[in-house]
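What the coordinates show
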Amino acid sequence: MLSLRAPPRTFSPSPWRRRGRLDGFAAPRCVSAAPPATTLETATARPAGVSFPILVNGCTGKMGVSVAEAATSRGLHLVPVSFSSRENLDKTIQIGDVDVEIYGPSAREDVLSSVIDEFPDVVVVDYTAPNSVNSNAELYCKLGVPFVMGTTGGDQQLLYKSVQDSNNYALISPQMGKQVVAFLAAMETIAEQFPGAFSGYRLEVLESHQAGKLDTSGTAKAVIACFEKLGAVFDMDRMVKIRDPEQQLYMVGVPEEHIEGHAFHLYHLTSPDDSVSFEFQHNVCGRSIYAEGSVDAAVFLYKKVQSMDPKRIYDMIDVLQEGDMW
Ligand SMILES: NC(=O)C1=CN([C@@H]2O[C@H](COP(=O)(O)OP(=O)(O)OC[C@H]3O[C@@H](n4cnc5c(N)ncnc54)[C@H](O)[C@@H]3O)[C@@H](O)[C@H]2O)C=CC1
Ligand SMILES: O=C(O)C1=N[C@H](C(=O)O)C[C@H](O)C1
């Protein structure tokens, strides 16, 4: 039976620390549920159903590699070109049997133009860095190449404005994992249908990602926006961001093999009089759900471009709603 006892009046700032690893917090389930870090469950991947050229920008990074691998195993044509923020890298990266050549910033406009000439139906998928979001999007819009923006951060308003002004096709989402997208969609629906239902509730948010993550979780920001519409009070400066591997291991309970690639999120709501509390979590180990979702996104966008759909800007909820996610 559920206990209806009121929660303690002073809620610990860290539910993860309060509970610790040993009491069965969701994390250990990742050990058997997720694939090894940076490898994909692509052996059983279903084909994309269509084939078209895909350019993955950011093949020097972890998501770039994962998406490029997922794209080739789904039968898409991986364009053997990617970019870097560094000049004179003189590097190729092997993805399956494709040698992807990496070009620096000064060559990117010429190289991307040549790619578009050779592959007019190419779709770009971007997994670079928060400080490249806007300049990359500007370039894609200038050249009229449809793109999936998986990279989080940057100036999101400006990003949408660039796409709108150029009338380009783009799919933008801070979260590509199907089940997390479904949770986000549910949150948006609740927020729309019951605005103010959580008026005055205090919200506390914790997110833990690999140490190399530069920005605050874009997914957490999207979920927080829904809680705010529901009336909850949140101070963005109080978001607890955990990037320290020791804390992740011993406090959050991230399995050791996923310290380098995980995304744990926890949202805790408390009523103004402390008599009611709610808690939501989504904890992902590895990167395969984002990689597969990114390929779904590219396929979806490709179809929209081919059918000259008048709507130009999409997100992952659109993909989910069309039943187009694996
Ligand atoms: N939408 C989603 O579901 C997900 C989004 N992400 C986001 O994707 C981004 C990348 O994540 P990771 O691959 O884990 O990071 P990472 O640090 O492993 O890789 C990023 C790579 O992009 C390169 N890069 C930086 N600026 C560039 C530019 N202008 N042109 C080309 N390459 C550039 C960096 O040198 C690095 O190699 C982050 O913003 C992260 O938040 C990550 C996972 C899922
Ligand atoms: O950088 C990551 O890893 C992730 N970034 C996205 C975000 O910022 O929300 C999605 C997921 O949390 C993984």
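Here the structure is a predicted model, which is why all the values come from computation and not from measurement.

Quick look at the sheet that holds strand β3 (residues 81-83)
Here we have three strands laid out as an open sheet, ordered β3-β5-β4, and mixed in their pairing. Only two strands of the sheet have a single neighbouring strand rather than two, namely β3 and β4 (91-95). When strand polarity is set aside, the average angle formed by the axes of neighbouring strands in this sheet is 35°. Those strands touched by helix α4 (residues 108-118) are β3 and β5 (98-103), and its axis lies near 155° from that of β3.

Let's talk about the pattern of salt bridges
Should the charged atoms of two oppositely charged side chains come close, the side chains can pair. Using the criterion set out here, one finds 10 salt bridges in the structure. We note a salt bridge from K213 to D215, for which the minimum N-O separation is 2.8 Å. The same class applies to K213 and to D215, which are both buried. K304 serves as the salt-bridge partner of E322, at 2.8 Å between the closest nitrogen and oxygen. Remark: K304 occurs in helix α10 (residues 288-306) and E322 occurs in the segment after α11 (316-321); sequence separation between them is 18 residues. With a relative accessible area of 11%, K304 lands in the buried category.

Section: the site of ligand 1
Not every one of the 24 residues close to ligand 1 is listed here, only the nearest: T60, M63, T152, M176 and K213. In this structure, S132 approaches ligand 1 through a side-chain N or O atom, which is 2.8 Å from a nitrogen atom. Burial of ligand 1 by the protein amounts to 82% of the accessible area it has alone, namely 850 Å². For the shell around ligand 1, the per-class residue count stands at seven nonpolar, 13 polar and four charged.

A closer look at the environment of P105
Inspection of the secondary structure assignment puts P105 in the loop between β5 and α4. Among the residues examined, P105 registers a relative accessible area of 31% and is labelled partly exposed. Sequence spacing of P105 and S84 is 21 residues, and the spatial spacing of their C-alpha atoms is 6.5 Å. Discounting residues that sit within four places of it in the chain, P105 has contacts with S84, S85, R86 and E87.

Thoughts on the site of ligand 2
Residues in contact with ligand 2, as listed here, are T152, P174, Q175, H209, Q210, K213, S217, G218, T219, A263, H265 and Y290. K213 is positioned with one of its side-chain polar atoms (N or O) 2.8 Å from an oxygen atom of ligand 2. Here ligand 2 has 320 Å² of accessible area as a free molecule, and 86% of this is covered by the chains. Put simply, the parts of the chain that give the shell around ligand 2 at least two residues each are α8 (218-229) and β11 (262-270). Class assignment for the residues of the shell around ligand 2 results in three nonpolar, eight polar and one charged.

A look at the UniProt feature "domain: Dihydrodipicolinate reductase C-terminal" (unreviewed entry) in the protein
Mapped onto this numbering, the UniProt entry annotates "domain: Dihydrodipicolinate reductase C-terminal" (unreviewed entry) at residues 180-320. Along residues 180-320, the helical share is 41% and the strand share 22%, with 11 Å between the first and last C-alpha atoms.

Cut-offs applied
Residues numbered from 1 in each chain as written. Chains lettered and ligands numbered in written order. Predicted model: local features only at pLDDT ≥ 70, side-chain atom pairs only at ≥ 80, totals over all residues. Heavy atoms only, no water. Pairing = 2+ DSSP bridges. Helix = DSSP H or I, 4+ residues; strand = E, 2+ residues; numbered from the N terminus. Axes fitted to C-alpha atoms, helices over the stretch in contact; angles between N-to-C directions. Contact = heavy atoms within 4.5 Å. Salt bridge = Lys/Arg side-chain N within 4 Å of Asp/Glu carboxyl O. Buried < 20%, exposed > 50% of the residue type's maximum accessible area, 1.4 Å probe, protein only. Near = heavy atom within 4 Å. Polar contact = N/O pair within 3.5 Å; in protein donor to acceptor, adjacent residues only side chain to side chain. Areas by Shrake-Rupley, 256 points an atom, 1.4 Å probe, with all protein chains shown as cover. Nonpolar A, V, L, I, M, F, W, Y, C, P; charged D, E, K, R; others polar. UniProt positions renumbered as here; feature names shortened; annotations may be inferred.

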